[in-house]
Amino acid sequence: MTIHRIASDGKTPGTFELASACCKTLSNNVRVDTQHYNHTIQRCILSNGFMRCGIIYVDDGTPRIAYQWVKS
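Throughout what follows, the structure given in this document is the object of discussion. Keep in mind it's a predicted model, so treat the numbers as computed, not measured. Just so you know, the residues in each chain are numbered from 1, in the order the chain's sequence is written. Residue-level local features of this predicted model are given only where pLDDT is at least 70; pairs of side-chain atoms are given and counted only at 80 or more, and the full residue set underlies all totals for whole chains, interfaces and linings. Side-chain numbers come from the whole structure's heavy atoms, not from hydrogens or water.

**Comments concerning the overall build of the protein**
Selection rule: To qualify as a helix, a DSSP run of H or I must reach at least 4 residues; to qualify as a strand, a run of E must reach at least 2; elements of each kind are numbered from the N terminus. Three labels apply to residues, based on accessible area from a 1.4 Å probe with only protein chains included: buried if under 20% of the type maximum, exposed if over 50%, partly exposed otherwise in between. We call two residues in contact whenever any of their non-hydrogen atoms come within 4.5 Å of each other.
Each helix and strand in the protein was counted, giving 2 helices and 4 strands. Overall size of the protein, expressed as C-alpha extent along the three principal axes, is 30 × 30 × 20 Å. Out of the 72 residues in the protein, the part that is buried amounts to 28%. Of the contacts formed within the protein by residues at least 6 apart in sequence, a portion of 47% connects residues at least 24 apart.

See the structure below:
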């Protein structure tokens, strides 16, 4: 399962936590990626048990940091 896009207005915290928790109930393997400058979501991703895997490149050629969570 892949979290493709997630956004919030910043007024209510926990959007990523809720989305990742839902995905983790549906799949034993969840992936997500983000731009190198998005430090806020990077902290959220790491604090929710995801491990950094490397760099991927999307269709337009721009790099993204890839993360993965695997149920242990």
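**Details of the nonpolar core**
Applied cut-off: Definition used in this section: a nonpolar core is a set of buried Ala, Val, Leu, Ile, Met, Phe, Trp, Tyr and Cys residues joined via side-chain atoms within 4.5 Å.
In this structure, Ile3, Phe16, Cys23, Val30, Val32, Ile41, Cys44, Ile45, Phe50, Ile65, Tyr67 and Trp69 together form the largest nonpolar core, which totals 12 residues. Of all the secondary-structure elements, those providing two or more residues to this core are α1 (15-26), β2 (29-34), α2 (39-47) and β4 (63-70). Each residue touching cysteine 44, except ones within four places of it in the same chain, is listed here: Phe16 and Glu17.

**Re the pairing of strand β3 (residues 51-57)**
For the record, the criterion: By definition, two strands form a pair when at least two bridges between them are found by DSSP.
Relative to β4, β3 runs antiparallel, the two sharing 6 bridges. Note that in β4 the partner of glycine 54 across the bridge is alanine 66. Between β3 and β4, which pair antiparallel one after the other, the connecting turn spans 5 residues, and glycine 61 there sits at a positive phi close to 90 degrees.

**Details of the environment of isoleucine 65**
Along the polypeptide, isoleucine 65 turns up in strand β4. When the C-alpha atoms of isoleucine 65 and asparagine 48 are compared, they prove to be 16 Å apart, with 17 residues separating the residues in sequence. Not counting the four nearest positions on each side in its chain, isoleucine 65 is found in contact with Val32, Asp33, Thr34, His36, Gln42, Arg52, Gly54 and Ile55.

**A short note on the side chain of serine 27**
Rule in force here: Any pair of nitrogen or oxygen atoms within 3.5 Å is treated as a polar contact; in protein, a donor-acceptor pairing is required on top of that, and neighbouring residues in sequence qualify only through side-chain atoms on both sides.
In this fold, serine 27 is placed in the loop between α1 and β2. Of the residues examined, serine 27 reaches a relative accessible area of 16% and is grouped as buried. A distance of 2.9 Å separates the side chain of serine 27 from the backbone oxygen of asparagine 29, its partner in a polar contact. Contact partners of serine 27, with chain neighbours within four places excluded, come to Met1 and Trp69.

**Thoughts on the environment of isoleucine 45**
Checked against the element boundaries, isoleucine 45 lands in helix α2. Distance in space between the C-alpha atoms of isoleucine 45 and tyrosine 67 is 7.7 Å, their sequence separation being 22 residues. Residues within four places of isoleucine 45 in sequence aside, it is in contact with Phe16, Val32, Thr34, Phe50 and Tyr67.

Just distances and angles here, no functional claims.
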